[in-house]
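# Breakdown of the fold
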Amino acid sequence: MLDVAVVGMGLIGSAALRHAAVGGASAVGIGPPEPSDWPAHQGPFASHYDSGRITRRLDARREWAVLATRAIEQYPTIADQSGIEFHRPCGLAFVRDDEPGLANLASVAASIGLPIDVGPVAEALADVPALSFPDRYTAVREAPPAGAIDPRLMIEAQHRAAKRAGALVARDTVIAIRPADGGYELLTAAGRTHQARQVLIAAGAYANRLLPEPLAMSVRPEAVLLAEVADGDLGRLGSMPSIIYLLDHDELDDVYVVPPMRYPDGRHYVKIGGSNRRAAVLGDEPAMNQWMQQDHADGRLPPLREVLTALLPDVALSGWTTKPCLIGDTASGLPYIDRLDNGCTVAFGGNGHAAKSADAIGSLAAELALNDRWDDDELDRTAFIARLGVHQPSAGSRHGN
Ligand SMILES: Cc1cc2nc3c(=O)[nH]c(=O)nc-3n(C[C@H](O)[C@H](O)[C@H](O)COP(=O)(O)OP(=O)(O)OC[C@H]3O[C@@H](n4cnc5c(N)ncnc54)[C@H](O)[C@@H]3O)c2cc1C
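By nearness alone, 35 residues border the ligand, and Phe45, Ser47, His48, Ile54 and Cys325 come closest of all. Ile54 is positioned with one of its backbone polar atoms (N or O) 2.7 Å from an oxygen atom of the ligand. A distance of 3.0 Å separates an oxygen atom of the ligand from a polar atom in the backbone of His353. Look at the ligand: alone it shows 990 Å² of surface, and the protein chains cover 97% of it.

Written out as structure tokens, the structure is:
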């Protein structure tokens, strides 16, 4: 029997698997790969099927800032242990015009010792003349290592490092977990059985399916827009940071923009996403699968395209493509990292923020699963406890407050 089985080979589960294996535990990670044919795939899907995610320490919530700080410190180790580079330290600009929000960002930054530059947006982003914002905004700039990560490459890196430390990765889906011989038996869709003393459930938006009682998590349909950048323009955007922008807009509460990244098709795309007020919670798994299988995301294209072209007025953008995604929001606004009454450990509920911090969340979860320990003088365990029930997401920007 293995020490631990990690269910879900997404960003958090893959990190937990590496920490468990590097820490000397015998471990298996079980999770399906990214589907090649989304319309035909019957689920589960994931929230990391992309080549760009913003990474930053600057945050409106101290817990997220601390998690990100720890995870970012681990990026070089993960790259060394795997030989895979996934981090692009291009910096960050957080653009908004509300004094209370700016003050809160500054106070959280001060509480973690993070230096920031704050100034009128035109001045603060003078080094990227291709960018255009209304003058009334203020930009808070965070220097590298803030910037962007490639979540697909990060997962590959975590898996390679975990395997080098002796872990197994099974590309399969867990359909049932039951107690057996002092541990657990995990049955998979391919008809296999895995046995482990501990189980860590890191199945993202689909995690509740595996629990005796659902935890309070709502799942929102998100969409991003990719726009291809002509080679001739890549140089002009070379110093472009990742951007979070709390704009004044009829439909969007905020947008986030990842500078041009190279995608698997070899082209460079700038990516924009945003909190759309029209996004209604997806009630169940069939609704989540339908959102991911079909091209409903196209309906989100116009406002995102309008904002991106206004931000980059003189850059030739083409090949506009939308991609659906899923955001799991918890009642606490933080991931659930906890042990349930049935002895299983959970680590899920990214709230749209966990890609950059997944390694730190995975580390806390692995320690809890293997040793039932939470030795942390910076993060209060009670902030991450699992909450039962139904969650109704609050309105407004999830980046702002
Ligand atoms: C459009 C969009 C933009 C985002 N931008 C950012 C950003 O800029 N910065 C940032 O930090 N975060 C961002 N996020 C959030 C981030 O991507 C998520 O918080 C993160 O992916 C959550 O990680 P996870 O491991 O919990 O879930 P996932 O990465 O979704 O992984 C869960 C895995 O579990 C698998 N699984 C599910 N059920 C089972 C089962 N029964 N058996 C086995 N495996 C199973 C799934 O297939 C999946 O592979 C964004 C999210 C979206 C949707």
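A few words now on the sheet that holds strand β8 (residues 147-149). Backbone hydrogen bonds hold the strands of a sheet together, and the pairing may be parallel or antiparallel. Taken together, three strands build an open sheet; the order of strands is β3-β8-β4 and the sheet is antiparallel. If you trace the sheet from one side to the other, it starts and ends with β3 (53-55) and β4 (87-88), each paired once. Across three bridges, β3 lies against β8 in antiparallel orientation. Looking across to β8, one finds that Arg53 is bridged to Ile149.

This paragraph deals with the nonpolar core. Judged by nonpolar contacts, the single largest core of 68 residues is most densely connected at Leu58, Leu67, Ile337 and Phe384. Other than its neighbours up to four places away in sequence, Leu58 contacts Leu92, Phe94, Leu105, Ala109, Leu114, Ile116, Val140 and Glu142. Of all hydrophobic cores here, the second largest spans 33 residues; its members include Val121, Phe133, Tyr245 and Ile272.

Time to look at unusual backbone geometry. Of note, the amide linkage connecting Gly43 to Pro44 takes the cis form, showing an omega dihedral of -5°. If you trace the backbone, Pro44 turns up in the loop between β2 (27-30) and β3. Of note, the amide linkage connecting Pro144 to Pro145 takes the cis form, showing an omega dihedral of 20°. A positive phi is found at Asn351, a non-glycine position, where the angle reads about 55°. One can find Asn351 in the loop between β19 (345-348) and α9 (358-371).

In this structure the tally under the stated criterion is 27 salt bridges. One salt bridge connects Arg18 with Asp359, and the closest N-O pair in it is separated by 2.9 Å. With Arg18 in helix α1 (residues 11-22) and Asp359 in helix α9, this pair connects stretches of sequence that are 341 residues apart. Pair check on accessibility: Arg18 and Asp359 agree, each one buried.

What follows deals with helix α8 (residues 301-311). Buried within α8 are the following residues: Leu301, Pro303, Leu304, Val307, Leu308 and Leu311. Looking at the buried side of α8, the elements it contacts are β13 (217-229), β14 (242-245), β15 (252-262), β16 (268-276) and β17 (317-330).

Taking 1.5 Å per residue, 14 residues should reach 20 Å; helix α5 (residues 151-164) reaches 20 Å between its end C-alpha atoms and fits that length. Here α5 has its buried residues at Pro151, Met154, Ile155, Ala157, Gln158, His159, Ala161 and Ala162. In this fold, the buried residues of α5 make contact with α1, β3, α2 (62-82), β8, β9 (168-170) and α9.

Within the fold, Leu364 resides in helix α9. Under the relative-accessibility criterion, Leu364 is labelled buried at 12%. Separated by 230 residues in the primary sequence, Leu364 and Pro134 place their C-alpha atoms 41 Å from one another. In this structure Leu364 touches Leu67, Arg70, Ile337, Trp374, Asp376 and Leu379, once residues within four positions along its chain are discounted.

The rules behind the values
- Residues numbered from 1 in each chain as written.
- Predicted model: local features only at pLDDT ≥ 70, side-chain atom pairs only at ≥ 80, totals over all residues.
- Heavy atoms only, no water.
- Near = heavy atom within 4 Å.
- Polar contact = N/O pair within 3.5 Å; in protein donor to acceptor, adjacent residues only side chain to side chain.
- Areas by Shrake-Rupley, 256 points an atom, 1.4 Å probe, with all protein chains shown as cover.
- Pairing = 2+ DSSP bridges.
- Helix = DSSP H or I, 4+ residues; strand = E, 2+ residues; numbered from the N terminus.
- Core = buried A, V, L, I, M, F, W, Y, C linked by side-chain atoms within 4.5 Å.
- Buried < 20%, exposed > 50% of the residue type's maximum accessible area, 1.4 Å probe, protein only.
- Contact = heavy atoms within 4.5 Å.
- Salt bridge = Lys/Arg side-chain N within 4 Å of Asp/Glu carboxyl O.
- Expected span 1.5 Å × (residues − 1).

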